[in-house]
Amino acid sequence: MEVENHTVLSQFLLVGLSEDPELQPILFGLFLSMYLVTVLGNLLIILALSSDSHLHTPMYFFLSNLSLIDICFTSTIIPKMLVNIHAHSKEISYLECLTQVYFFMIFVGMDDMLLTIMAYDPFVSICYPLKYTVIMNPRHCVLLVLMCWLIMLCFSLIHILLVKQLTFSIGTEIPHFFCEVVQLFKVASSDTLIGIIVMYVSTALVIVFTVTGILYSYSQIVSILLRMSSSLSKYKAFSTCGSHLCVVSLFYGTGLGVYLSSAMVHSPQGSTIASMMYTVVTPILNPFIYSLRNKDVKGALRRLLRRTASCS
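Presented here is an overview of the structure given in this document. These numbers come from a predicted model, not from an experiment. Each chain has its residues counted from 1, following the order in which its sequence is written. Local features are withheld for residues below a pLDDT of 70 in this predicted model, meaning they are given only at 70 or higher, and side-chain atom pairs are given and counted only at 80 or more; totals for whole chains, interfaces and linings count all residues. In computing side-chain values, all of the structure's heavy atoms are included and hydrogens and water are not.

1. Points about the overall build of the protein
Link 1 in the chain: A run of DSSP states H or I qualifies as a helix once it reaches four residues; a run of E qualifies as a strand once it reaches two. Both are numbered from the N-terminal end. Check the secondary structure of the protein and you find ten helices and three strands.
Link 2 in the chain: Taking all 312 residues of the protein together, 46% fall into the buried category.
Link 3 in the chain: The contact definition used throughout considers only heavy atoms, calling two residues in contact when any of these lie within 4.5 Å. Excluding contacts between residues fewer than 6 apart, the proportion of contacts in the protein whose partners are at least 24 apart in sequence is 79%.
Link 4 in the chain: Only the protein chains shown count as cover for residues, with accessible areas throughout obtained via the Shrake-Rupley method and a probe of 1.4 Å. Carbon and sulfur atoms make up 71% of the accessible area of the protein, which amounts to about 16,100 Å² in all. Throughout, exposure labels follow a simple rule: accessible area from a 1.4 Å probe, protein chains only, divided by the maximum for the residue type, with under 20% read as buried, over 50% as exposed, and the rest as partly exposed.

What follows is the structure, given as structure tokens:
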């Protein structure tokens, strides 16, 4: 088979969700509405938290960052998919594909890192209440987020450099609705062994680090809660962790679903559906989980909407 170097290859073909022409308008309307709800929902949380001085705390600072990451996460994938559906096209340029891979890896990694930091916050609050303001001061919180950004920028750059060494055939089809590094390794014409090893080792290190951090934080929290005599104190402590636990379960549950579908289901359709849950459904649910389960967020949203209505 004739193989073209990556410097010659100008575009890939994304298979997408369905080739049925009758389904295209339905898919376009569905994903456009989901995208708008995701952006508006997370944007409302950011505006509500930033406009309420009572919520300028570490927990809500991390929540605002999580909402911003979710907006960027979906914006990396959905707009290009909507353009292709509307134009009845499968094309994505080589540069667009690499850009999508790069930012997708950054934002999914940032989601993972921020969830770990958000588990650390109640751990310090419950286990070391007297030292909380010292440990979780604004400077430390900003440094934690910047450190996460730096780690994920370097992590994604390594994978992009590995992908750039691959070669592809002309007219290469990617059996997915967006460019993902795993799919690029699958359709490459050159040897991908080193890239796959680096990808799985580095991903495993990030996941082990973050999951271990979350499990350790909650094991210590549960240990403290079991020693509390007051039921009211237990309820207040648990209520601060409830929303975070829901989001963590959703994030890792859908992520595990993507992994298992890739490993056990050999049809591209099964893997695509699992990825859709992970990349589209999770970001749209996060703002609802935090707003519906958190009275402070609900109060901030009501005050923001009242101020907006009075100004108009």
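Back to the write-up after that little detour.
2. Comments concerning the pattern of salt bridges
Link 1 in the chain: By convention in these notes, a salt bridge is any Lys or Arg side-chain nitrogen within 4 Å of a carboxyl oxygen on Asp or Glu. On inspection of all chains with the given rule, the structure shows two salt bridges.
Link 2 in the chain: A salt bridge links lysine 80 to glutamate 96; its shortest N-O distance comes to 3.5 Å. Note that lysine 80 is positioned in helix H2 (residues 58-87) and glutamate 96 in helix H3 (residues 94-127), a separation of 16 residues in sequence.

3. What to know about a positive patch on the surface
Link 1 in the chain: Only residues above 30% relative accessible area that lack a salt bridge enter a patch, with like-charged residues linked at up to 9 Å and the nonpolar side chains Val, Leu, Ile, Met, Phe, Trp and Tyr linked at up to 5 Å. Counting rule for charge: Lys and Arg are taken as positive, Asp and Glu as negative, and neither His nor the chain ends is counted. All charge positions are set by atom: Lys at NZ, Arg at CZ, Asp at CG, Glu at CD. A cluster of basic residues, Lys298, Arg302, Arg306 and Arg307, forms a positive patch at the surface.
Link 2 in the chain: Looking at the secondary structure, you find arginine 306 in helix H10 (residues 295-311).

4. Details of the pairing of strand E1 (residues 11-14)
Link 1 in the chain: Only one face of E1 is buried: it carries Phe12 and Leu14, and the other face, with Gln11 and Leu13, is open.
Link 2 in the chain: The sheet contact formed by E1 and strand E2 (residues 91-93) spans three bridges and is antiparallel. Paired with glutamine 11 across the two strands is serine 93, which belongs to E2.
Link 3 in the chain: Relative to strand E3 (residues 173-174), E1 is paired through two bridges, and the arrangement is parallel. DSSP calls a pair of strands paired once it identifies at least 2 bridges connecting them.

5. A few points about H2
Link 1 in the chain: Under the convention used throughout, the expected extent of a helix is 1.5 Å for every residue step, that is, one less than its residue count. Here H2 spans 44 Å end to end across 30 residues, near enough to the 44 Å set by a 1.5 Å rise per residue.
Link 2 in the chain: Where H2 bends most, the angle comes to about 35 degrees, and this point is serine 75, followed within four residues by the proline proline 79.
Link 3 in the chain: Counted residue by residue, H2 has 21 buried out of 30 residues, so it is predominantly covered.
Link 4 in the chain: Immediately downstream of H2, the backbone of histidine 88 shows phi near 55 degrees, a positive value. Two axes define the bend at a residue: one fitted to the seven residues ending there, one fitted to the seven starting there, and the bend is the angle between them.

6. Topic: the sheet that holds E3
Link 1 in the chain: One open sheet holds the three strands; their spatial order is E2-E1-E3, and the pairing between them is mixed. Here the strands that pair on one side only, and so sit at the sheet edges, are E2 and E3.
Link 2 in the chain: Axis geometry follows a simple rule: fit a line to the C-alpha atoms, using only the stretch in contact for helices, then measure angles between N-to-C directions, giving values from 0 to 180 degrees. Sheet strands touched by H3: E1, E2 and E3. Its angle to E2, the strand with the most contacts, is close to 80 degrees.

By themselves, these figures tell us nothing about what the structure is for.
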